[in-house]
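Examination of the molecular architecture
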Amino acid sequence: MIHVNVVRYLAIQLLIVQLEEDVMIRFLVILVALSVFAPTLANAHGGGCRKSSPPGQCCHMDNRAGSVHCH
Ligand SMILES: [Zn+2]
């Protein structure tokens, strides 16, 4: 059980160092920004995804352009 406590202590120390260097905060800001803007972009035109969309992509008709595109 001492081993677990040592690992935990080192992990906390590492986090503190990263926070002092502002790296962790930047990383979190990027993560939050991605999680906020990615769904917004995917649903930019609404209408949902076509069943034929490839995995990880969302294809749908762009009513303005009159064509199907994926993102
Ligand atoms: Zn689109």
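The rules we used
- Residues numbered from 1 in each chain as written.
- Predicted model: local features only at pLDDT ≥ 70, side-chain atom pairs only at ≥ 80, totals over all residues.
- pLDDT = per-residue confidence, 0-100.
- Helix = DSSP H or I, 4+ residues; strand = E, 2+ residues; numbered from the N terminus.
- Pairing = 2+ DSSP bridges.

The name given to the chain in an unreviewed UniProt entry is YHYH domain-containing protein, with Oceaniradius stylonematis as the source organism.

A few words now on the confidence of the model for the chain. In the predicted model, the chain carries a mean pLDDT of 79, and the fraction of residues at 70 or more is 76%. Here helix α2 (residues 23–42) is the element of the chain with the lowest mean pLDDT, 76, and strand β2 (residues 67–70) is the one with the highest, 88.

A few words now on the pairing of β2. Where strand β1 (residues 59–62) and β2 come together, four bridges link them in antiparallel fashion. Counted as the bridge partner of M61 is V68 from β2. Where β1 folds back on β2, the antiparallel hairpin that results is connected by four residues, among which G66 adopts a positive phi of roughly 75 degrees.

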